[in-house]
Amino acid sequence: MSVKIWDTQLMSCGRTITVNSSLQCVDWSDKSQLIVTGSSDKYIRLFDPRGSSGTIVHSTLQGHDMWVSCVKWSPTSEVELMSGSYDGRSSCGISGVLNLILQLLVS
């Protein structure tokens, strides 16, 4: 599967990021400039589209027992996001992990 970043002025695909699992959701952070995806394999992945290869940023995050059905960056913070799953709980406890990762990228 893939995530495509489109240039709507040129009406063309500017970049493609390959994902090795079945995507369920994707969101982009205006604050950190990172992409987060949720997948059917229970993992949350962070991507940096500014990199030449669009590879996974540092690590994958796991906080659910079933597939991740939604992810959303905080509109006011570059280090917080929310994820949801059909396991019946939301996962808020990953912001501390994100903070460590994003400090390296944002600063």
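The rules behind these values
- Residues numbered from 1 in each chain as written.
- Predicted model: local features only at pLDDT ≥ 70, side-chain atom pairs only at ≥ 80, totals over all residues.
- Heavy atoms only, no water.
- Salt bridge = Lys/Arg side-chain N within 4 Å of Asp/Glu carboxyl O.
- Helix = DSSP H or I, 4+ residues; strand = E, 2+ residues; numbered from the N terminus.
- Buried < 20%, exposed > 50% of the residue type's maximum accessible area, 1.4 Å probe, protein only.
- Core = buried A, V, L, I, M, F, W, Y, C linked by side-chain atoms within 4.5 Å.
- Contact = heavy atoms within 4.5 Å.
- Disulfide = S-S within 2.5 Å.
- Pairing = 2+ DSSP bridges.

### Comments concerning the pattern of salt bridges
- Considering all chains together, one arrives at two salt bridges under this definition.
- The shortest N-O distance in the salt bridge between Asp27 and Lys72 comes to 4.0 Å. Of the two residues, Asp27 is situated in strand β3 (residues 23-28) and Lys72 in strand β7 (residues 68-73); the sequence distance between them amounts to 45 residues.
- Overall, the relative accessible area of 15% leaves Asp27 in the buried class.
- According to the relative accessible area criterion, Lys72 is exposed, its value standing at 52%.
- Between Arg45 and Asp41 there is a salt bridge; the shortest N-O distance is 2.8 Å.

### With respect to the nonpolar core
- Membership of the largest hydrophobic core is limited to ten residues, which are Cys25, Leu34, Val36, Ile44, Leu46, Leu61, Val68, Val71, Trp73 and Leu81.
- A per-element tally of this core places β7 first, with three residues.
- With six residues, the next largest nonpolar core counts Val3, Val19, Leu23 and Phe47 among its residues.

### A short note on the side chain of Thr37
- Position of Thr37 among the secondary structure elements: in strand β4 (residues 35-39).
- Residues in contact with Thr37, not counting those within four places in the same chain, are Val3, Leu23, Cys25, Val26, Tyr43, Ile44, Arg45, Phe47 and Val71.

### Comments concerning the state of the cysteines
- Overall, the coordinates contain zero disulfides when judged by the stated rule.
- Summary of cysteine pairing: Cys70 is not part of a disulfide, and the nearest cysteine sulfur, belonging to Cys25, is at 6.1 Å.

### A few points about the environment of Ser22
- Along the chain, Ser22 turns up in the loop between β2 (12-18) and β3.
- On the basis of relative accessibility, which here comes to 33%, the residue Ser22 falls in the partly exposed class.
- C-alpha of Ser22 to C-alpha of Ser39: the two residues are 17 residues apart in sequence and 5.5 Å apart in space.
- Discounting residues that sit within four places of it in the chain, Ser22 has contacts with Met1, Gly38, Ser39 and Ser40.

### Digging into the pairing of strand β8 (residues 81-85)
- Most of β8 sits out of view: four of its five residues are buried.
- As paired strands, β7 and β8 are joined by five bridges and run antiparallel to one another. Within the sheet, the bridge partner assigned to Cys70 lies in β8 and is Gly84.

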